[in-house]
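Examination of the molecular architecture
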Amino acid sequence: MITPDVAPARGPRDRLRQALEHAAQWLPIQAPLEVFVHNNLLAAFQHLPFHQAMLAARRKLGVRGYFPEERYRQEHASGRIGEADLDAVFADEPLSDSPLAPHFPGERAAARIITRHSIGTETPADLHWKIVEDQATTYFAADVGDDARNAILAATADWLQPQLVHLQGAEDAVARAIVGRPAFRTPVGELTALLGDRLHAAAFAERREPVAVRALWTACVEACAHYTGMPVLGARKLWTHRELLRACSDVDANDLVHPVLIPLCAAFLDRGQSQWAMPDRADGFFLAWLRVKQAGLSIRPGWMLGADRRMRDWLTRGVTAEDAALEVLAELGVGPDEVETYVERTLLQLPGWSGMFHRLERAPGPIGRSRAKIELLDFLAVRLTYDLYAFRDIARQLGHHGPASAIRSACARLPQIAPPAVRGPHDTAWPLFLLAQHAGVGAPTIHAASRGDIDTVIAFLDRHDDMTRMRLWHEAYERHYRVELLDAIAANVRVASLPPVAPRFQVMLCLDDRFESSRRYLEEISPEVETYGGPGFFGVAFAYQGIDDPRTFPLCPVIVTPQHRIDEVVLTQQFDLAELRKQRRQQLARASALFGRASRSLWLGLLVSIVTGMVAVVPLLLSIFAPRTAGRLRQAIRRKLVPEPRTRLTPARIGLTRAPDDDLLPGFSVDEMAARVAALLENLGMTRRFGRLIVALGHDTSSVNNPLLAAYSCAACGGRSGGPNARYLAHIGNRPDVRQKLAERGIVIPPDSVFVAGVYDTCAEAITWIDEDLLPASARGELADLEPILAEMCRRNAVERSRRFDSAPKQRAADTALKHVEGRAVDFSEPRAELGHATCACSIIGRRELSYGLFLDRRCLLVSYDPTQDPDHKILERTLAATSPVGAGIALDYYCSSVDPEKLGSGTKLPHNVTALAGVMNGSSSDLRTGLPTQATEMHEPMRLEVIVEAAPEVLQDILTRQAGVAELVLNEWVRVTAIHPETREMWTFDARFGFRKYTPTPVELPLVPRSEDWCAGRRDCLKPARIVTPNEVKHAS
Amino acid sequence: MLPDLLSAGFALAPVWPALAAVVIAFLLLPGRPSERVVARVTAVAVWLSLASAACGVLLCLSHGPVDYRLGNWYEAAEYSFPLVMLFDGLTAAMSAFVAVIVLTTVKFSVTYLHREPGFVRFFVLTLFFAAGMQLLVLAGSAELLFIGWEFVGISSVLLVAFFHERAMPVQAALRVLVTYRVCDIGLLLGAVGLHHWLGTTVWADVFAGLPQHAGETAGLAVGLALVFAAMGKSAQFPVGGWLPRAMEGPTASSAVFYGSLSVHAGVYLLLRAAPLLEQSLVIRAVLVVVGLVTAVIAALSSQVSADAKSAVAHATASQVGLMFVECGLGLYTLALVHLITHATLRYYQFLRTLSAVQDAMWQQAALGRTDSDEAAARWEEVAPGPRRALYRLALERFAVEPALDRWLTRPIMNLSRALDRLEGGLLALHARTPEAGTGAPLPLMAPDLSPDAPAPVLSPALRPDAGAPEARV
């Protein structure tokens, strides 16, 4: 990737800097654990169209961008992908219907056969197995259709007929035509064995299938003979020292380097795990490494012969990391034109670690800032130095004692253990053979085809390699869901009717897919509740410092930089209590720090392990055998020990318009408050009628022993609890001066409508209220009426969630389910306390009418937006700009982690080991694992987010011209967009090849159930949409 | 009557888990059994094992030590394999402890390993481990202990390699296996030595016969052999390098093996053979020195470890080192108490390693720290030179591994390579080229020689070379 505006590098230093910059863009951008936010794991490729990006990512990073073909075929067999989906996908492919070659099927039909039966090259071992053990060259493949079989049998019989008449004396020629040149027999002997009899016409008539299939195989092998020895497509040229040495010696330099390098990286980047930080971290990794490794006496590993002298020399000469990297690169003989690629390959040996260096270099992260000076260049220099000595050692073992720059040329002269792949005599014939079988093309057609025809067919087969086939399968996989969803929405829109009366309660929730069911249940339980969904920071973005926080944390989406600062302030009369809390917490923390240190130290450890070992039995046994009780006990003790003072948030800012030193303004001014509330209400379309209670439920989660806790919390609040945002919204929403200003803007909130804030724990299904004491008496009465509704919602939610958990009780009793999910939240043996965004698949931006009463299986991000209140589409524009990166980030994080759980995801959680408080390793020495663990993705259906927007397609197109971020996602198809016209309800789906294309929904009759539970309880898999009869409809009907 | 019943009950402690493992293995025959079934069978077995251990505790409290003999497994000329168990306070306490920890592990793992492809395998191995551990504890003779010891070893290795689809766990498991095998030689030599020296390996008889043979060199040799075996299992200097690498398995197995039971088995062996070991001052000195060196190295390594599991693993090794010292000093009760409390604590710490981030965040918040170095700024008062030097040693774990690698592993490997080349040369003299390892591609399709199967089509390019050496001879 060379950007034209960068002037050609002048010297080696510029070249190195530039190379580093270019290489760094391919590194994972994952943040340290405590600020984990979902993002596209292939964000570096986002400038490319989705499918091209998958291809590029495979070339660059060796990752798989789709499910394995086998999986798609299973999904096809189980009905998750239908024939109609394949039809639609192939209809859109730019393929002609004219025959590939004379008597061959058309391109489109051929492509379909190739995809449907996964026809492609096989590994030599597979091919061997199929031919020798499966007798694939004697009998038809099991899935070949009858028509094709009959066509081949008939064609072969016609072709053989004249030859069989004069069989006598021509046996050898006939045998050669059928069996070719067998390896260990004469052709006649081989044919006799095939027929199981001597050669006579009757035997041919009896063994039609073996003869026809073998003749076809022989024809294919002969037709493809000229491909033998050609290089295999896509074979990677061995190029770096490591690859070449490994090919010659079977010793991987990484096996030598990584066990030394990884503990160093961990120790250097450590943000508080170790009790003794690396000395000299402030001088950067390279210098700290030089100094530490040159201090005192030790024994160097055998392969680092001569490294000591060089490092001592570097230290005395005061060599910088840059000098060292250049020196090593030169010594390795990496030419100026190779530097960029070489640096890239070097960094990608340990993408997790180099990515973490890169990430912490740019953004140190809110916790665990250390005095370390972190630079990727330092890491590169150290890594290159180790590489150099490892290469030299391996080269010595191969008998090369010359300079390191000659290693590559020396390797080129040595024999390789596995020589470069070339096409064997059967590799090319095999796909042709299978295609011919399925297409009903017999041996005579192949014999008759010219070499040009065969080349055309082979080129077509090569073009439909596994990436192409997986792409087609995947499109069909996604289309199935899209069609089902759009049809369901179309059907729902026709019948859904919102309660005609003004709502009594209005509940605002995060747009999170987990709240799809919460909103459904609220509406299902009571017609008096109206629900809204939007980004969970409720339009108030600020940096927040609670009474327990050591510093501020941004509570807003990561793309937003907060301008304001909000503190939690203790009420004056409760200062003593707060002081006591602080002291207690400090005492506890000191005790636990001391314990942690002592239990790892020598003599104190003896004492501590004897004393606490006896005590530890109690929490150990209790939390494993009765997790729920243990959790409650822990909470009770904590409440007892650490008192909770009453607090308020920063009051309104008066006067100050610009912050003095730090750029954060203390609190919002009344104007800003009014602007925030107005924007929020306008975004949600909540400007006309108001209920008695306007409830903002901040999103939170709880789980124990979970390094990825932040991934489960509110993504719109930087992976933290949305409680403070809800609280602040309620605070400012209830201010009379703010309401005054809102009324001036035309949003009149009646005085008896009150904002209430709460926190909703999606794991334990528990809701806690904040600042209840501030509510007027009337509102408290209303809240008392709302509480049972919310409690019932939590219970039903627990039932719906439990259907996904194997270990949950199978009865439909809501209380058992609630107990079960409560237990999960505090059980420290539970690797999936909740399932997070797993199965998340779509997003609906529009009025609730579209989805009201529709069972969407907790798979939908619901964003409230009212197009009728948005004449100039400004609201839609900012909603899309704010929500689409978040939604796409979630969906693509899950997508990538699901399709390639080992390279993109972080594999199974079980061996994970929290390292440097920044990431997790497998065991004690591996690369840092990025992405999501399989426990999070195992039931996910990897699809791009299906975004459904209630707007005309022209409006969307117009917005795409202005919002570059959204346009990149949409135009490159990283999300799939469908526009629903606000009035006509016509649908247009976007496809980069065709633009917005009208979609006519198939009229479907949605299953109608009285309660969601009737549809979902007891079923484990993803469910199709259904219609729930909402209470107001029942009233209408009766 | 009662003691007989209790003894019989106690003796069954290793039988239940072994039986359950076999049952689950048979359940695998018709197809993969459901997780629920496996969990039930396992739970029943470990509860029964706990009940057996309770019998042992009762027996010990009511009747004191019992030498329980079930006769011989087999007899040959001048040799018999006695099935004998020694029930005393040490056995009862350890057996009960093992049963509780295994039970806890099973309860933990049923949830933790849910939906894991290796679910059944994990429980079979854990059950085998439980059986081995109980047998090791109950064994009344060195041979029986050796059987339990091997069970523990092999299940440990297989659980380190639990995720065998990746290379690292397999390499680590190989490392553990090699260390175990080398050190197991000690136990084997010890048993054989006992036979030659005292004519028996039954602990009770050995201890009874010791006074007549005090101060003999044979006793020293046997004792050192046993200490060597214990050092391997308990990851002591200089053979402890495998411990941090063994963290590749699921957290639950790391906790039970390397935080809790398996790593303490060496100490148990020392306690079991205490009367034998305390005969010799040399052995006691070796125990103290090995233990102290390990304790210091491991404690310092634990201080600098930047990953949660290694930190706990090193800390474990250091306390186990202190237990070696205690055994060397003859503080057996202290060692036993230390063993059990320490094993419990580390077990808990291991299971909680995944909370490291939340714990650290909470701690930093409560202490008002914004800078992680504040907590980790140790040894600041020491001059930078020595501080760096000590830090380096701690981080490199005092370079024990590179030293072993350079002066032991590499020479052995070089020797074997030289022998391999020599063999190649000798074969070449006979005009035969060695096939494996030369990189010569194997034929794509081997000929199918069964008469009725059609011969595969083989292209001329891949036909066996007509000029193959056989043809020439």
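Predicted, not measured: the structure shown is a model, and the values here were computed from it.

Rules used throughout
- Residues numbered from 1 in each chain as written.
- Chains lettered and ligands numbered in written order.
- Predicted model: local features only at pLDDT ≥ 70, side-chain atom pairs only at ≥ 80, totals over all residues.
- Helix = DSSP H or I, 4+ residues; strand = E, 2+ residues; numbered from the N terminus.
- Buried ≥ 20, exposed ≤ 12 C-beta atoms within 10 Å, placed from the backbone.
- Rg over C-alpha atoms; globule rule 2.2 N^0.38 Å.
- Contact = placed C-beta atoms within 7 Å.
- Pairing = 2+ DSSP bridges.
- Axes fitted to C-alpha atoms, helices over the stretch in contact; angles between N-to-C directions.
- Expected span 1.5 Å × (residues − 1).
- Bend = angle between axes of the 7 residues up to and from the residue.
- Domains from an automatic or database assignment.
- Core = buried A, V, L, I, M, F, W, Y, C linked by C-beta atoms within 7 Å.
- UniProt positions renumbered as here; feature names shortened; annotations may be inferred.
- Nonpolar A, V, L, I, M, F, W, Y, C, P; charged D, E, K, R; others polar.
- Parallel < 35°, antiparallel > 145°, perpendicular 65-115°, else oblique.
- Left-handed = near helix turned anticlockwise from the far one by under 90°.

Glancing now at the overall build of chain B. Helix and strand content of chain B: 21 helices and 2 strands. Each of the 473 residues in chain B was classed as buried or not, and the buried ones make up 53%.

All right, on to the overall build of chain A then. Helices and strands together make up the secondary structure of chain A, namely 40 helices and 21 strands. For chain A, the C-alpha radius of gyration of 34 Å lies close to 31 Å, the compact-globule estimate for 1038 residues. Considering only C-alpha atoms, chain A reaches an extent of 115 × 90 × 65 Å along its principal axes. Looking at chain A residue by residue over its 1038 residues, the buried ones come to 52%. Long-range pairs, those at least 24 residues apart, make up 72% of the contacts in chain A with a sequence separation of at least 6.

A few words on the sheet that holds strand 19 (residues 995-999) of chain A. Residue and element names in this part refer to chain A. Spatial strand order, 13-11-16-17-18-19: 6 strands in an open sheet with mixed pairing. Only two strands of the sheet have a single partner each, and these edge strands are strand 13 (860-864) and strand 19. Looking at each pair of strands side by side, their axes are set apart by 20 degrees on average, direction ignored. Across 3 bridges, strand 17 (residues 975-980) lies against strand 18 (residues 987-991) in antiparallel orientation. Within the sheet, the bridge partner assigned to A979 lies in strand 18 and is W988. Its contacts with the sheet place helix 35 (residues 874-899) against strand 11 (842-846), strand 13, strand 16 (945-950) and strand 17, and it is angled at close to 160 degrees to strand 16.

Here we come to helix 7 (residues 146-165) of chain A. Residue and element names in this part refer to chain A. Given a rise of 1.5 Å per residue, 20 residues ought to cover 28 Å, and the 28 Å separating the end C-alpha atoms of helix 7 matches this to within 8%. Of all the bends found along helix 7, the most pronounced is centred on W159 and spans about 30 degrees, while P162, a proline, follows it within four residues. Looking only at helix 7, the buried set comprises A148, I152, A155, T156 and L160. Where helix 7 is buried, its residues meet helix 10 (201-206), helix 11 (208-223), helix 21 (429-439) and helix 22 (443-448).

What follows is about the domain arrangement of chain B. Where interface size is quoted, it is often the accessible area lost as the parts come together. Residues and elements named next belong to chain B. Domain boundaries assigned for chain B yield domain 1 (1-140) and domain 2 (176-353). Contact with domain 1, which involves 20 residues of that partner, is made by 15 residues of domain 2. Of all the secondary structure elements, the ones that give two or more residues to the side of domain 1 that touches domain 2 are strand 2 (79-87), helix 4 (89-112) and helix 5 (119-138). Counting residues per element, the side of domain 1 that touches domain 2 draws most heavily on helix 4, at 10 residues.

Okay, the sheet that holds strand 8 (residues 693-700) of chain A next. Residue and element names in this part refer to chain A. Pairing is mixed in the open sheet, where 5 strands are placed in the order 2-1-8-9-10. Strands at the two margins of the open sheet, each flanked by one partner only, are strand 2 (529-534) and strand 10 (766-770). Strand-to-strand, the axes of this sheet are offset by a mean angle of 25 degrees, without reference to chain direction. Sheet topology note: the strand 8/strand 9 (residues 754-761) ladder contains 8 bridges and is parallel. Bridge pairing links L693 to V754 in strand 9. Each of strand 1 (505-510) and strand 2 touches helix 25 (residues 514-525); the most contacted strand, strand 2, lies at about 165 degrees to it. Where helix 33 (residues 777-802) meets the sheet, it contacts strand 1, strand 2, strand 8, strand 9 and strand 10, and its direction lies at approximately 45 degrees from that of strand 8.

So, on to the domain arrangement of chain A. As assigned here, chain A comprises domain 1 (123-231 + 423-453), domain 2 (252-399), domain 3 (502-571 + 662-835) and domain 4 (574-641). Here the C-alpha centre of domain 3 of chain A lies 46 Å away from the C-alpha centre of domain 2 of chain A.

Within the largest apolar cluster, 404 residues are counted, with the highest numbers of intra-cluster contacts made by L269, A325, L380, A696 and L729 of chain A together with L226 of chain B. With 15 residues, the single largest contributor to this core is helix 5 of chain B. What L226 of chain B contacts, discounting residues up to four positions off in sequence, is G186, L187, G190, L269, A273 and L277 of chain B. Counting 49 residues, the second largest nonpolar core, distinct from the first, contains V174, I178, V179 and A429 of chain A.

Quick look at the UniProt feature "binding site: Zn(2+)" (unreviewed entry) in chain A now. Residue and element names in this part refer to chain A. Listed under "binding site: Zn(2+)" (unreviewed entry) in the UniProt record, and renumbered for this structure, are C510, D512, H699 and C714. These annotated residues cover 205 residues of sequence, but their C-alpha atoms sit close together, with the largest distance between any two at 8.7 Å. Tracing the sequence through the fold places D512 in the loop between strand 1 and helix 25. In this view, D512 contacts G536, H699 and L861; residues no more than four positions away in its chain are not counted.

Attention now moves to the UniProt feature "domain: NADH:quinone oxidoreductase/Mrp antiporter transmembrane" (unreviewed entry) in chain B. Under the UniProt annotation, "domain: NADH:quinone oxidoreductase/Mrp antiporter transmembrane" (unreviewed entry) lies at residues 144-361 of chain B. As a span, residues 144-361 of chain B carries 78% helix and 0% strand, and end to end its C-alpha atoms are 49 Å apart.

Right, let's talk about the interface of chain B and chain A for a bit. Opposite the 101 residues of chain B that make contact, chain A presents 106 residues. Grouping the amino acids of the side of chain B that touches chain A by side-chain chemistry returns 54 nonpolar, 26 polar and 21 charged.

At a minimum axis distance of 7 Å, the contact between helix 14 (residues 285-294) of chain A and helix 19 (residues 384-395) of chain B shows a crossing angle of 90 degrees. On the basis of their axis angle, the class for helix 14 of chain A and helix 19 of chain B is roughly perpendicular. Each of R291, V292 and K293 of chain A in helix 14 of chain A lies in contact with helix 19 of chain B, whose residues at this interface are R388, Y391 and R392 of chain B. In terms of residue class, the contact of helix 14 of chain A with helix 19 of chain B is made up of 2 nonpolar, no polar and 4 charged.

Moving on, we come to helix 21 of chain A. Residues and elements named next belong to chain A. Among the 11 residues of helix 21, 11 are classified as buried, and the element is accordingly described as predominantly covered. Check the buried side of helix 21 and you find it contacts helix 5 (107-116), helix 6 (124-133), helix 7, helix 11, helix 22 and helix 23 (451-463). Two residues or fewer past helix 21, G440 is found with a positive phi of approximately 70 degrees.

Let us now look at the UniProt feature "domain: NADH-Ubiquinone oxidoreductase (complex I) chain 5 N-terminal" (unreviewed entry) in chain B. UniProt tags residues 73-123 of chain B as "domain: NADH-Ubiquinone oxidoreductase (complex I) chain 5 N-terminal" (unreviewed entry). Note that residues 73-123 of chain B is 57% helix and 25% strand, and that its end C-alpha atoms are spaced 28 Å apart.

Moving on: the pairing of strand 15 (residues 919-922) of chain A. Residue and element names in this part refer to chain A. Across the two faces of strand 15 the burial is the same, with G919 and M921 and V920 and N922 all buried. Strand direction decides the pairing type here: strand 14 (residues 912-915) and strand 15, joined by 4 bridges, are antiparallel. In the strand pairing of strand 15, H912 is matched with N922. From the end of strand 14 to the start of strand 15, which pair antiparallel, there are 3 residues, and A916 there has a positive phi angle of about 55 degrees.

Before going further, it helps to examine the environment of L27 of chain A. All names here are of chain A. With respect to the helices and strands, the residue L27 is situated in the loop between helix 1 (12-24) and helix 2 (50-61). Accessibility expressed as a C-beta count within 10 Å gives 24 for L27, which makes it buried. Sequence separation between L27 and A56 is 29 residues, and the spatial gap between their C-alpha atoms is 14 Å. Excluding its chain neighbours within four sequence positions, the residues that come into contact with L27 are L347, P351, S354, G355 and H358.

Residues and elements named next belong to chain A. Its location among the elements puts R479 in helix 24 (residues 466-495). Along the chain, R479 and E946 lie 467 residues apart, while their C-alpha atoms are 9.9 Å from each other. Beyond its immediate sequence surroundings of up to four residues, R479 is in contact with D85, A88 and V89.

Bringing the packing of helix 29 (residues 670-684) of chain A against helix 32 (residues 736-744) of chain A into the picture now. How two helices pack is summed up by the angle between their axes together with the distance between the axes. Residue and element names in this part refer to chain A. Following both chains from N to C, one finds helix 29 and helix 32 inclined at 60 degrees, their axes separated by 9 Å at the closest point. If you check the angle between helix 29 and helix 32, you find them oblique. As helix 29 packs across helix 32, the resulting crossing turns out to be right-handed. Residues V670, D671, M673, A674, V677 and A678 of helix 29 form the contact with helix 32, whose participating residues are D737, V738, K741 and L742.

Residues and elements named next belong to chain B. Where strand 1 (residues 66-76) meets strand 2, 7 bridges bridge the pair, whose relative direction is antiparallel. Its bridge partner lying in strand 2, A76 is registered against Y79. In sequence, strand 1 turns back onto strand 2 through a hairpin of 2 residues, with E78 there showing a positive phi of about 65 degrees.

Omega for the peptide link from F237 of chain B to P238 of chain B comes to 0 degrees, which places this bond in the cis form. As for its position among the elements, P238 of chain B is in the loop between helix 9 (217-233) and helix 10 (242-245). A positive phi angle, near 55 degrees, is found at N705 of chain A, a position not held by glycine. Here N705 of chain A falls in the buried class, since 22 other C-beta atoms lie within 10 Å of it.

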